[in-house]
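# Structural overview
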Amino acid sequence: MIATVSCLVCDTALEVAEATEKGEIVECGSCGQEHEVVGAADGRFTVEFAPEVEEDWGE
Ligand SMILES: [Zn+2]
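Read on for an overview of the structure. Predicted model only: the values in this text are computed from it and were never measured. (Residues numbered from 1 in each chain as written. Predicted model: local features only at pLDDT ≥ 70, side-chain atom pairs only at ≥ 80, totals over all residues.)

## Thoughts on the sheet that holds strand E3 (residues 25-27)
- In space, the three strands of this open sheet follow the order E3-E4-E5, with antiparallel pairing throughout. Looking at which strands have only one partner, the edges of the open sheet turn out to be E3 and strand E5 (44-49). Shown here is a sheet whose adjacent strand axes are inclined to one another by a mean of 45 degrees, direction ignored.
- Looking at chain direction, E3 and strand E4 (residues 34-41) are connected through three bridges and run antiparallel. Bridging from a neighbouring strand, Glu27 pairs with Glu34 of E4. (Pairing = 2+ DSSP bridges. Helix = DSSP H or I, 4+ residues; strand = E, 2+ residues; numbered from the N terminus. Axes fitted to C-alpha atoms, helices over the stretch in contact; angles between N-to-C directions.)

This is the structure:
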């Protein structure tokens, strides 16, 4: 199953795979904004603006 969330910038529907977990990043295909999945329950997802990654977390 695929769920959708709305881009926080341009309101484009973003497809989110059901297996997506918290902390994963979903990028808008229209404006390029990255969203971090902050909630995932019952196939419904909540996203927030992803923090800009400036540090290399390694691994
Ligand atoms: Zn967008």
